[in-house]
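Architecture at a glance
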Amino acid sequence: MEKFYTTTAIDYVNGAPHIGHAYEKILTDVIYRHFTQRCDNTYFLTGTDEHGIKIQKTSAQNGVSPKEFCDMNAQKFKDAWKALDVEYSQFIRTTDEQHEKVVQKIFKKLVEKGDIYKHAYEGLYCSGCEAFLSEKDLTEDGLCPDHLKKPEVVKEENYFFKLTKYKDAIIKHIKTHPDFIVPSFRANEVLNQLENIEDISVSRVNSNVSWGIPVLGDDSQVIYVWIDALSNYITAIGYDPDGSSEKFEKLWPANVQVIGKDILKFHSIYWLAILMALELPLPEHILAHGWITIDQTKMSKSLGNVISPTGVLEAFNLEIPDPLRYYMAAAAPCGKDGNYSDEDFKEKVNAHLANSMGNLLNRTLSMLVKYFGGDIKPEFLGKNELKEKALETVKAVKHHFDYFEVQEAGQKIIELVDITNKYVTDNAPWTLAKEGQMDKCGEVLTNVLQVMTVISSLIYPYCPNIAKAMAEQLSYDLNTKLDDITCESLQAGHLIDKQNIKPVFLRMDSELADKGAAHAGK
Ligand code: MSP
């Protein structure tokens with residue numbers, strides 16, 4: 001693989017980040033980190049979507065200017081991603097000057113091409129969706145089905161984008177690239193939506209929506225927020241209709257664009273049409289993840305069940321975000337909905353990370369110190385009975401990531417941990433030591449530790465801090481590329497001293513966890 005460019009949706013900044021936003025960023029970060037283990041040229045873009053009527057209204061309600069409001073809230077997103085170790089390469093804000101300039105040029109190019117034209121229009125606008133809805137999109141009571149609010153009647157002369165011109169090409173692309181939309185079961189939904197598409201309004205009258213990017217040469221109009229927002233994926237890396245940067249030429253098209261299922265239409269229809277109009281290559285995959293519910297209930301401000309990701313870290317007194325990253329990344333099969341619950345979080349993380357994985361390393365290293373003073377003798381290194389299983393798991397994990405099956409890949413890793421635990425139980429190195437079978441005992445411990453090096457590499461995208469602690473105790477180079485894993489990296493010689501053996505992850509204390517249950521949402 002020559003390069004790997006991945007993006008997330010850019011979040012609206014009308015509030016603080018919640019666990020649903022965090023789910024997407026963690027999922028993308030895990031995918032990104034996995035591909036850094038396979039490829040040298042990787043790039044991860046995320047950011048915030050800051051224009052539009054919704055931000056205009058919310059900032060006014062808060063008595064501050066839209067820009068001040070965006071500055072304050074964009075920082076909350078950056079802080080949250082830092083706390084979660086989301087290692088993005090770039091954070092774009094749609095209020096960045098460079099982005100605004102290039103969006104104006106993109107719009108101009110499409111006007112010049114004849115793909116954007118002016119037209120008087122009357123429609124129903126939902127500010128929650130930042131989109132016009134048709135009568136048939138609404139509930140029986142005339143509400144937006146996602147936001148349960150009555151859309152506003154808007155009568156304006158707007159610019160329109162000739163979406164219909166690209167309809168057949170989009171249908172053809174989706175049909176001839178069955179892996180373009182991931183998971184593929186969502187492709188039919190999109191094909192159905194495509195049946196009824198019409199040209200879309202791509203500007204708003206300035207007197208109704210002032211917080212946006214003005215149309216170049218027509219100050220009475222601002223560019224529609226979705227055209228502005230979608231363009232971020234190319235403006236951020238240096239696209240320019242007058243000549244793009246080298247970086248853009250290297251990175252575009254994106255390998256995978258990660259978004260939630262609710263905004264798939266914008267990404268698999270509108271975005272493709274814009275790219276086609278700009279004569280740019282299309283992204284390789286759009287990954288539409290499912291939604292996260294809280295205790296099986298849709299998260300909403302009115303229900304008071306909105307969970308803050310940093311709130312969870314604080315409530316459970318977590319010094320590293322790894323447990324939450326692991327839990328969220330494993331929350332749902334690819335593209336399906338998932339759920340967050342304090343109880344389940346505590347149980348899964350304790351079982352997988354502390355009891356199974358952490359404990360396995362800890363007790364194996366402790367036995368190596370107890371029976372061999374922490375040394376690996378050359379005669380221990382020959383057999384490597386678990387090697388085949390470990391290398392098979394590397395292959396399986398890579399295969400799952402090729403399909404962005406992050407939960408499924410995680411299960412394979414935990415399966416390898418379980419197999420290794422069973423190997424320890426079956427071979428009982430403590431009995432071998434008691435019986436004086438020291439070579440066999442040393443072999444068993446070494447076999448386990450070889451597998452632990454592989455596990456540290458595989459778990460790294462999910463739990464970077466735990467993986468680093470594991471690798472350190474094993475004197476293993478965590479920068480090893482997945483293709484170079486041999487399950488033979490341990491060398492004969494002194495491996496570890498007693499004082500350097502530290503649990504890589506402690507069980508979440510039940511008392512603290514109970515306190516967490518009461519506070520995670522606050
Ligand atoms: N600003 C647009 C995206 C523009 S992308 C060019 C937007 N913003 S959002 O803040 O509403 O949502 C950002 C992302 O978070 C979306 O991909 C959305 O699906 C995701 N999620 C928001 N709530 C979610 C859950 N409860 N669960 C999982 N993801 C959710 O849409």
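Before reading further, recall that the structure is shown in the block above.
What counts, and at which threshold
The residue numbers shown here count from 1 along each chain, following its written sequence. Restriction of local features to residues with pLDDT of at least 70 applies here, the model being predicted, together with a cutoff of 80 or more for giving and counting side-chain atom pairs; totals for whole chains, interfaces and linings are based on all residues. To obtain the side-chain values, all non-hydrogen atoms of the structure were included, while hydrogens and water were left out. It suffices for a single heavy atom of a residue to lie within 4 Å of a molecule or strand for the residue to be listed as near it. Polar contact is the term for a pair of N or O atoms within 3.5 Å; when the atoms are in protein, one must be able to donate a hydrogen and the other to accept it, and sequence-neighboring residues count only if both atoms are side-chain atoms. The method behind every accessible area is Shrake-Rupley, applied with a 1.4 Å probe, and residues are considered shielded solely by the protein chains displayed. Counting from the N terminus, the helices are the DSSP runs of H or I reaching at least four residues and the strands are the DSSP runs of E reaching at least two. Lys, Arg, Asp and Glu make up the charged group, whereas Ala, Val, Leu, Ile, Met, Phe, Trp, Tyr, Cys and Pro make up the nonpolar group; the residues left over, Gly among them, are polar. Here a pair means two rings of Phe, Tyr or Trp (six-membered ring of Trp) with centres within 6.5 Å. Their orientation is stacked below 30 degrees between planes, edge-to-face above 60, and tilted elsewhere. A ring is scored as having a charge over it whenever the NZ atom of a lysine or the CZ atom of an arginine sits within 6 Å of its centre and within 35 degrees of its normal. By convention in this document, the label disulfide applies to cysteine sulfur atom pairs within 2.5 Å. Think of it in three bands: with a 1.4 Å probe and only protein chains considered, a residue is buried below 20% of the maximum accessible area for its type, exposed above 50%, and partly exposed in between. In this analysis, the expected span of each helix is defined as 1.5 Å times one less than the number of residues it contains. What the arc describes is the spread of directions from the helix axis to the C-beta atoms. By definition in these notes, contact holds between two residues if any of their heavy atoms fall within 4.5 Å. The pairing criterion for strands is at least two bridges between them, as found by DSSP. Residues enter a nonpolar core if they are buried and are Ala, Val, Leu, Ile, Met, Phe, Trp, Tyr or Cys, with the set joined through side-chain atoms within 4.5 Å. Note on geometry: axes are lines fitted to C-alpha atoms, helical ones only across the stretch in contact, with angles between N-to-C directions running from 0 to 180 degrees.

1. Comments concerning the site of the ligand
As a structural note, the neighbourhood of the ligand is formed by 24 residues, with Ile-10, Glu-24, Asp-49, Asp-262 and Ile-292 the closest of them. The contact in question runs from an oxygen atom of the ligand to an N or O atom on the side chain of Glu-24, over 2.5 Å. Residue Ile-292 places a main-chain N or O atom 2.9 Å away from a nitrogen atom belonging to the ligand. Protein chains bury 94% of the 660 Å² of accessible surface belonging to the ligand in isolation. Among the elements of the structure, strand E2 (11-12), helix H1 (19-36), helix H7 (225-230), helix H8 (232-235) and strand E13 (256-260) are those that each provide at least two residues to the shell around the ligand. Residues of the shell around the ligand, tallied by class, amount to 12 nonpolar, 8 polar and 4 charged.

2. Considerations on the packing of aromatic side chains
The tally for this structure, following the rule as stated, stands at 26 aromatic pairs. Sitting above the plane of the Tyr-12 ring, Lys-54 keeps its charged end 3.9 Å from the centroid. Sitting over the ring of Tyr-125, Arg-204 keeps its end group 4.4 Å from the ring centre.

3. Let's talk about the state of the cysteines
Evaluated as defined, the whole model comprises 0 disulfides. Free of any disulfide, Cys-463 has its nearest neighbouring cysteine sulfur in Cys-334, separated by 19 Å. Summary of cysteine pairing: Cys-487 is not part of a disulfide, and the nearest cysteine sulfur, belonging to Cys-441, is at 18 Å. Since its relative accessible area comes to 2%, Cys-487 is described here as buried.

4. Quick look at helix H3 (residues 66-83)
An ideal rise of 1.5 Å per residue puts 26 Å on 18 residues; H3 measures up with 26 Å between its terminal C-alpha atoms. Of the positions making up H3, those classed as buried are Phe-69, Cys-70, Asn-73, Ala-74, Phe-77, Ala-80 and Trp-81. Within H3, the buried residues cover an arc of 120° as seen down the axis, which keeps them to one side. Buried-residue contacts for H3 involve E2, H1, strand E3 (42-49), helix H2 (53-61), strand E4 (90-93) and helix H11 (309-315). Just beyond H3, the residue with positive phi is Asp-85, at close to 55°.

5. Overview of the sheet that holds strand E5 (residues 116-126)
Overall, antiparallel pairing links the 4 strands, which are arranged E6-E5-E7-E9 in an open sheet. Two strands in the sheet have a free side with no partner beyond their single neighbour: strand E6 (131-133) and strand E9 (200-201). Pairing analysis gives 3 bridges linking E5 to E6, with the strands arranged antiparallel. Note on E6: the bridge partner recorded for Leu-124 is Leu-133.

6. Observations concerning the nonpolar core
Across soluble globular proteins, nonpolar side chains have a tendency to be buried as a group. Core analysis: the biggest nonpolar cluster contains 107 residues, and Tyr-340, Phe-345, Met-452 and Tyr-462 have the highest contact counts within it. With 12 residues, helix H13 (residues 342-372) is the single largest residue contributor to this core. Setting aside residues no more than four positions away along its own chain, Tyr-462 makes contact with Val-30, Asp-322, Arg-325, Tyr-326, Ala-329, Phe-401, Val-406, Ala-409, Gly-410 and Ile-413.

7. Observations regarding the sheet that holds strand E10 (residues 203-205)
Ordered by their spatial adjacency, 3 strands build an open sheet running E10-E12-E11, and the pairing between neighbours is antiparallel. The open sheet is flanked by E10 and strand E11 (214-215), the only strands paired with a single partner. In this fold helix H4 (residues 97-112) packs onto E10, E11 and strand E12 (218-223), with an angle of close to 100° to the strand it touches most, E12.

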